There are 2 protein chains.
Amino acid sequence: MGGKTEVEFHVFINHDGRQLLGPRNIILLREIVRSGSVRTAAMILHMSYQHAWTIIDEMNQAAPHPVVVKQRGGIGGGGAVLTEYGQRILKEFHIIEAEVTRFQKRLNTELNL
Amino acid sequence: MGGKTEVEFHVFINHDGRQLLGPRNIILLREIVRSGSVRTAAMILHMSYQHAWTIIDEMNQAAPHPVVVKQRGGIGGGGAVLTEYGQRILKEFHIIEAEVTRFQKRLNTELNL
C-alpha cells in the first residue's frame, strides 16, 4: 500500500473569538513586509489588489489595533506598512509557528499512522 | 481596548500530501460513529446527504484504505460504518488533538498577546 501519513497543524491567532491571523492572511502579511506594498504582495500571490485589501480590512477589524496601514507619500506612494502592533503579533505568530513545527516533527517521527 | 487574544491550532492528518482528516470532516465522522447513519449525521450538521457523501468519498480517496463504508441490510438499512482503518485513524486523531489542546492551553497561559 505504501504512502506517507503525516500530521499537520495550522496556527491561528484569534481575538475575541474572531480570526486575526491564520495560514491565509499570514502569507499576505509576509509579502507586504517584504515588498512594502499591497499591490506587489497581491501580484506575487496572484490575487487582486481589492481582494488583498478585503483580507487586510477583515484583519484590522478583528484586531484590537490596526495591523496594516496605508503609508502616504514617499517614492511611488501608496505603500503599506505593518503597525507596531502588527509587527508584534507577526513576531508572536512566528515564534508559535516554530514551536508547533517542532512539535509536529516530533509527532511525525513518533507516530506510526 | 480589552478583549482576549488566543492561539488556536487545527489538526490535519494527511496522506501523501492530501488531506485525509481535518476539522471539517472529523465532525461528520464523529456523527456517523454516533448515529451509524450518514443521513442522520448530515441532518444534524445541516448539510445535504449528497454533500456528506462527497466529503466521505474525498476522504476515502485520500486514504490508503476506505474510512467509511456503506452497511447493507440491517434494521432500517442504508447505514454506514467506519472501517477498522477508519476507527484507528479517528482514534489517532483524538490522541493528537488532546495533546495539541494541552499545548494550546499552555501557550495561552504563557503568552501575553
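Above this text is the structure in question.
Residues numbered from 1 in each chain as written. Chains lettered and ligands numbered in written order. Predicted model: local features only at pLDDT ≥ 70, side-chain atom pairs only at ≥ 80, totals over all residues.

**Details of the overall build of chain A**
The secondary structure content of chain A amounts to four helices and four strands. Seen in sequence order, chain A has helices and strands lined up from the N terminus as β-β-α-α-α-β-β-α. In summary, chain A has a C-alpha radius of gyration of 17 Å against a globular reference of 13 Å for 113 residues, an excess of more than 25%. If you line up chain A on its principal axes, its C-alpha atoms span 55 × 30 × 20 Å. Counting over 113 residues, chain A shows a buried share of 22%. (Helix = DSSP H or I, 4+ residues; strand = E, 2+ residues; numbered from the N terminus. Rg over C-alpha atoms; globule rule 2.2 N^0.38 Å. Buried ≥ 20, exposed ≤ 12 C-beta atoms within 10 Å, placed from the backbone.)

**Structural notes on the relation of the copies chain B and chain A**
When chain B is fitted to chain A, the residual RMSD is 0.0 Å, and the transformation amounts to a turn of 180° plus an axial shift of 0.0 Å. A rotation of that kind, with that shift, is consistent with a two-fold axis. Residues of chain B ranked by C-alpha distance from the rotation axis are headed by His10(B), positioned 2.5 Å from it. Comparing interface residues between copies, 100% of those in chain B also sit at the interface in chain A, which points to an isologous, same-surface contact. (Least-squares fit on C-alpha atoms with pLDDT ≥ 70 in both. Contact = placed C-beta atoms within 7 Å.)

**So, the sheet that holds strand 1 (residues 5–15) of chain B**
Taken in spatial order, the four strands make up an open sheet running 2(A)-1(A)-1(B)-2(B), and their pairing is antiparallel. Only two strands of the sheet have a single partner each, and these edge strands are strand 2 (18–21) of chain A together with strand 2 (18–21) of chain B. Looking at each pair of strands side by side, their axes are set apart by 55° on average, direction ignored. Pairing of strand 1 of chain B with strand 2 of chain B, which is carried by three bridges, proceeds in the antiparallel orientation. Across the sheet, the residue bridging to Asn14(B) is Gln19(B), located in strand 2 of chain B. (Pairing = 2+ DSSP bridges. Axes fitted to C-alpha atoms, helices over the stretch in contact; angles between N-to-C directions.)

**Structural notes on the environment of His10(B)**
Within the secondary structure, His10(B) sits in strand 1. Here the alpha-carbon distance between His10(B) and Pro23(B), two residues 13 residues apart in the chain, equals 6.7 Å. Setting aside its immediate chain neighbours within four residues, His10(B) contacts Phe9(A), His10(A), Phe12(A), Gly22(B) and Pro23(B).

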